[in-house]
Amino acid sequence: MEKTTKRGIVLMNLGSPDSTSVKDVRSYLMEFLMDERVIDYPYLLRKLLVGGIIVPFRASKSAEAYKTVWTDEGSPLIVITKQLQALVQRKMDAPVEIAMRYGNPSVAGYDALMKKVPGLEEVIAIPMYPHYAMSSYETAVEYAREVYKKKKYPFKLSFVKPYYNNEEYLVALSESIRPYLNSDYDHILFSYHGIPRRHILKSDLTGSHCLKTENCCDTASAAHAQCYRHQCLSTMKLLTGKLNLPQEKYSFSFQSRLGKEEWLRPYTDFRLAEFPAEGVIKLLVVCPAFVSDCLETLQEIAMEGRHTFMEEGGESFTLIPCLNIQPLWVQAITNWVTQLSEGNKEMVLN
């Protein structure tokens, strides 16, 4: 009889402040923005910029923004991730924990799994980031590895690769979008979280492809394994194919930029202000880079973005919810763990 591996699952998400108090938001922003993969400046410059300028200026404003989306149970991102955890757990024999890159609960999820599974042999970590970026997927994975090595955990640790083109992820996302296409709409905007252009160049495995060759995202290259822009555009292309969307009915943009340097374009806030003058007055927005609704979707897009669009002459604005706890998304995660347990190494990053 084949021996069953003693394993556990960790769902890894971004994180959130513990509360909407300025103190907790300040603490969260310091941890987040001091990450060298988020603001990749030398330490002393980063410390001066983050601790002396950005956080003192943003903490109270961010606290007010969090208050607009906070629920009785707490942060939407934490609440939704816990709900997802519970639903995945119902389908799994192995225990499921959650871990946040910043804030709580941290990667202490490992310790919780070891208590639940004496003799734990393997942990499968699933980053809640479909696309590779140094400031999201990479930092979550590398931080988890650092803790794993530092504490000398005895189990094997594996990570699910970016799943931007995974069929089950695409089916779940396309089916979450499809009902909204029955409404009267002019255009659907795919708004992805933005990153500095500098990060694209830094992540280029070849050092000579990304943003340096014509149609770089459409030209096959080893760089695509870590190219956020290519992966975002691939997701959109595959989704619009599944949904049979004509090219003139959709476009993409990038949101949530910080600072004055150039980030990936076009910028979401600019496009929202421009659409009505172009005849787009009934708009759908979807944010495929996020699998859980959070401040960036619920406040930045559904509130601020909607206000911008309507002020410029828009008539209707609909944010399509993230995957959250959509049944096909729950099933996709469950299937990935099963496939990995059966030895499907194509999905795993060791």
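Here's a quick rundown of the structure.

Each value, and the rule that gives it
Residues numbered from 1 in each chain as written. Predicted model: local features only at pLDDT ≥ 70, side-chain atom pairs only at ≥ 80, totals over all residues. Heavy atoms only, no water. Helix = DSSP H or I, 4+ residues; strand = E, 2+ residues; numbered from the N terminus. Core = buried A, V, L, I, M, F, W, Y, C linked by side-chain atoms within 4.5 Å. Buried < 20%, exposed > 50% of the residue type's maximum accessible area, 1.4 Å probe, protein only. 1 Å grid on protein atoms, 1.4 Å probe; cavity = no way out; pocket = protein on both sides within 12 Å on 5 of 7 lines; lining within 4 Å. Points joined across faces, edges and corners; volume = space filled by probe spheres on them. Nonpolar A, V, L, I, M, F, W, Y, C, P; charged D, E, K, R; others polar.

**A few points about unusual backbone geometry**
Along the chain, N104 connects to P105 via a cis peptide bond; the corresponding omega equals -5°. Along the chain, P105 falls in the loop between β2 (96-103) and α4 (109-116). Residue P266 is reached from R265 by a cis peptide bond, and omega for that bond is 0°. Inspection of the secondary structure puts P266 in the loop between β6 (250-255) and α9 (268-274). Although it is not a glycine, L211 adopts a positive phi angle of roughly 60°. Along the chain, L211 falls in the loop between α7 (197-203) and α8 (228-242). Positive phi values are uncommon outside glycine, yet N324 reaches one of about 50°. Along the chain, the position of N324 falls in the loop between β8 (316-319) and α11 (327-341).

**A few points about the nonpolar core**
Ranked by size, the top nonpolar core spans 112 residues in total, and within it Y110, I126, I177, I188, F190, Y228 and W329 carry the most contacts. When residues of this core are assigned to their parent elements, the largest contribution, eight residues, is made by helix α2 (residues 43-69).

**A few points about empty space enclosed by the protein**
Following the criterion strictly, the structure yields one cavity of 30 Å³ or more and no others. Reported here for the largest cavity is a volume of approximately 40 Å³. M12, N13, A99, M100, R101, V107, A140 and Y143 together form the lining of the largest cavity. Ranked by the residues each element gives to the lining of the largest cavity, the list is headed by β2, at three residues. Each residue belonging to the lining of the largest cavity can be placed in one class, and the counts come to six nonpolar, one polar and one charged.

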